[in-house]
Amino acid sequence: MFFTVLLISSFISLTFQTDLILNQQLGQKKPSDKVDSDWLPTRNEGGEFRLKVGAREEFCFHESFQPEGDTKPQIRFEVRVLKGGRSKDIDVIVLSPNGKKIIDQRRKPKVTGSFEISEGEWRFCLDNKFSTVSAKIVYFSLRAAETESLQKQAKIQAPTVLTFGDAALEAINVNLHIVQSHQTESRLKMASHWYHVQNLNERVSNWSIGELFLMGASPLIQVTLLRRLFKSNYGKKSANKNPLA
């Protein structure tokens, strides 16, 4: 009985310490399974979010582009599975306005690519129909491939010669976007690792609860069997004993 109580207290203490360490490392901000973008940084010139694609489901959305003039800007596209299944894979399909498949990747954990956009409605599909059990938590990002200059952001159309200060500001702008990309990559890895740790913690907890139940039930089963064994032997001896002897 003493060892059972000691095991229960150790298990509760270990679970509490594990949750406390994870909360301290992640700043008590855990990624959820909802469609949101609060836990990930967001850029102004693009969109990125996290969504859940259930088993045997397909999630598609449409985006309309209207490039200025005759230019065809480059768009960078990225899809990454953060949680779900053993191999963390999903089907990714990108269709142009005329119905042509620009990207068609099957059962990939990560899909990245750049392509020129044309005027019209583009379609982006995340297909998880091949999975019969596991839902997928997917990170989706769609942004400009090239960093927009400060002059273009300020809508200064007249061509001007950059001064030393303007050139320095443009360099800082480019470096800030590079740093932001590295931060996004780091946050995605941390989110993926968090989901893995959370899943491992749940499995260890369930296994520990099962072992605790077996350890508690084992003495009861042993005592019950021993009592039946001695009771049956005593009954047999009493029946075979001759009272007149």
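The structure reproduced in this document is the subject of the present report. This one's a predicted model, so the numbers in the text were calculated from it and none came from an experiment. (Residues numbered from 1 in each chain as written. Predicted model: local features only at pLDDT ≥ 70, side-chain atom pairs only at ≥ 80, totals over all residues. Heavy atoms only, no water.)

The number of helices and strands found in the protein is three helices and eight strands. Helices and strands appear in the protein in the N-to-C order α-β-β-β-β-β-β-β-β-α-α. Considering the protein as a whole, with its 245 residues, one finds that 25% of them fall into the buried category. Intrachain contacts of the protein at a sequence separation of at least 6 include 72% that bridge at least 24 residues. Approximately 17200 Å² of the protein is accessible, and the part contributed by carbon and sulfur atoms is 57%. (Helix = DSSP H or I, 4+ residues; strand = E, 2+ residues; numbered from the N terminus. Buried < 20%, exposed > 50% of the residue type's maximum accessible area, 1.4 Å probe, protein only. Contact = heavy atoms within 4.5 Å. Areas by Shrake-Rupley, 256 points an atom, 1.4 Å probe, with all protein chains shown as cover.)

Time to look at the sheet that holds strand E7 (residues 120-127). Here four strands make up an open sheet; going across it, the order is E2-E7-E4-E5 and the pairing antiparallel. Bordering the open sheet on either side are strand E2 (58-65) and strand E5 (101-108), each of which pairs with just one other strand. On average, each strand axis in the sheet is inclined to that of its neighbour by 10°, with strand direction left out of account. Pairing between strand E4 (residues 90-95) and E5: five bridges, direction antiparallel. Counterpart to Val92 in the pairing with E5 is Gln105. (Pairing = 2+ DSSP bridges. Axes fitted to C-alpha atoms, helices over the stretch in contact; angles between N-to-C directions.)

Attention now goes to the sheet that holds strand E6 (residues 110-116). Across a sheet, paired strands are connected by hydrogen bonds in the backbone, their directions being either parallel or antiparallel. The strand order across the open sheet formed by four strands is E1-E8-E3-E6, and the pairing between neighbours is antiparallel. In the strand order of this sheet, the two ends are held by strand E1 (47-53) and E6, each with one partner. When the angles between neighbouring strand axes are averaged without regard to direction, this sheet yields 15°. Two strands pair when backbone bridges link them, and E1 and strand E8 (residues 136-144) are joined in this way by seven bridges, in the antiparallel orientation. Each bridged residue has a counterpart across the sheet, and for Arg50 the counterpart in E8 is Tyr139.

Along the chain, Glu48 falls in strand E1. Among the polar contacts made by the side chain of Glu48, one reaches the side chain of Tyr139 at a distance of 2.2 Å. (Polar contact = N/O pair within 3.5 Å; in protein donor to acceptor, adjacent residues only side chain to side chain.)

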